[in-house]
Amino acid sequence: MVVPSFGVSRTFETTLERLWAAFTDFRELSEWALPPGSRLLRADMDLSLGGAFQFGFTLPEGKSLWGAWAFDRIEAPSRLTLVHGMAGGDGQAANAVFPGWPARLRVDLRIAVQGEGTTVTVNLVPLDALDSEAQAFRASFAALSAGWERALNRLDRHLTRP
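Residues numbered from 1 in each chain as written. Predicted model: local features only at pLDDT ≥ 70, side-chain atom pairs only at ≥ 80, totals over all residues. Heavy atoms only, no water.

Turning our eyes to something else, we now look at the packing of aromatic side chains. For the structure shown, the criterion picks out nine aromatic pairs. Judged by centre distance (5.0 Å) and plane angle (80 degrees), the ring pair of F53 and W69 falls under edge-to-face. Pair noted here: F53 is in strand β3 (residues 52-58) and W69 is in strand β4 (residues 64-75), with a separation of 16 residues, a long-range link. Here the two residues F53 and W69 agree in accessibility, since each one is buried. Every member of this aromatic cluster is reached through a ring pair, and the members are F53, F55, F57, W69 and F71. Looking at R27, its charged tip hangs above the ring of F26, at a distance of 5.1 Å from the centre. (Phe/Tyr/Trp six-rings, centres within 6.5 Å; stacked < 30°, edge-to-face > 60°. Helix = DSSP H or I, 4+ residues; strand = E, 2+ residues; numbered from the N terminus. Buried < 20%, exposed > 50% of the residue type's maximum accessible area, 1.4 Å probe, protein only. Lys NZ or Arg CZ within 6 Å of the ring centre and 35° of its normal.)

Let us look at the pairing of β3. Among the seven residues that make up β3, five are buried, leaving the element largely enclosed by the rest of the structure. Note that strand β2 (residues 39-45) and β3 share six bridges and pair antiparallel. Within the sheet, the bridge partner assigned to A43 lies in β3 and is F55. Bridge count for β3 against β4 is seven bridges, and the pairing is antiparallel. Directly across from T58, in β4, lies its bridge partner S64. The loop that links β3 with its antiparallel partner β4 comprises five residues; one of these, G62, has a positive phi angle of about 100 degrees. (Pairing = 2+ DSSP bridges.)

We now examine helix α3 (residues 131-139). Within the sequence span of α3, burial applies to E133, A134 and F137. With its buried residues spanning 100 degrees around the axis, α3 presents them on a single face. Its buried side turned inward, α3 meets β1 (6-12), β6 (104-114), β7 (117-127) and α4 (141-160). (Arc of directions from axis to C-beta. Contact = heavy atoms within 4.5 Å.)

Attention now moves to the side chain of R79. Considering the arrangement of structural elements, one finds R79 in strand β5 (residues 79-87). A distance of 2.9 Å separates polar atoms of two side chains, one belonging to R79 and the other to D108. (Polar contact = N/O pair within 3.5 Å; in protein donor to acceptor, adjacent residues only side chain to side chain.)

So, on to the pattern of salt bridges. Inspection of every chain in the model, using the stated rule, returns 10 salt bridges. Between E149 and R10 there is a salt bridge, with the nearest N and O atoms lying 3.2 Å from each other. Residue E149 is found in helix α4, and its partner R10 is found in strand β1; the two are separated by 139 residues along the sequence. Notably, a salt bridge pairs R161 with E31, separated by 3.4 Å at the nearest N-O pair. With R161 in the segment after α4 and E31 in helix α2 (residues 26-32), this residue pair connects regions lying 130 residues apart in the sequence. Given the relative accessible area of 45%, R161 is considered partly exposed. (Salt bridge = Lys/Arg side-chain N within 4 Å of Asp/Glu carboxyl O.)

In short, geometric facts, not functional conclusions.
Written out as structure tokens, the structure is:
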């Protein structure tokens, strides 16, 4: 089975360094990456090779989600590669956002100057996925596109604040 890959890209009117900070500073991430109305419960980040970002947040309806990023490639300020995993409130590895999804995704984030703007490209690939999990991931591309569109719109507003 071919492993599906999902990608999204957007160009912003900002600097490479500013966009890098928006993705690598948990204080900035919490301002734009969480779903609206969510409350950050915990965030610990060690942005180093082999380091991790562990986080938890509560959705407006009260459900808590927990996740972790494990950094395996850092080329500041242009590339970040990590393994992203989610867990339920019990700490067991599971994707609580999309049931049936793979528990872990490889995330490749690239930032580059493009003309007068700076472009971010994010690619997601399931890791160690069962065929059914890969199919569930592929079936969610429309929802992923819509979610990333909303998140990148929030990022755009975040980047234009003084």
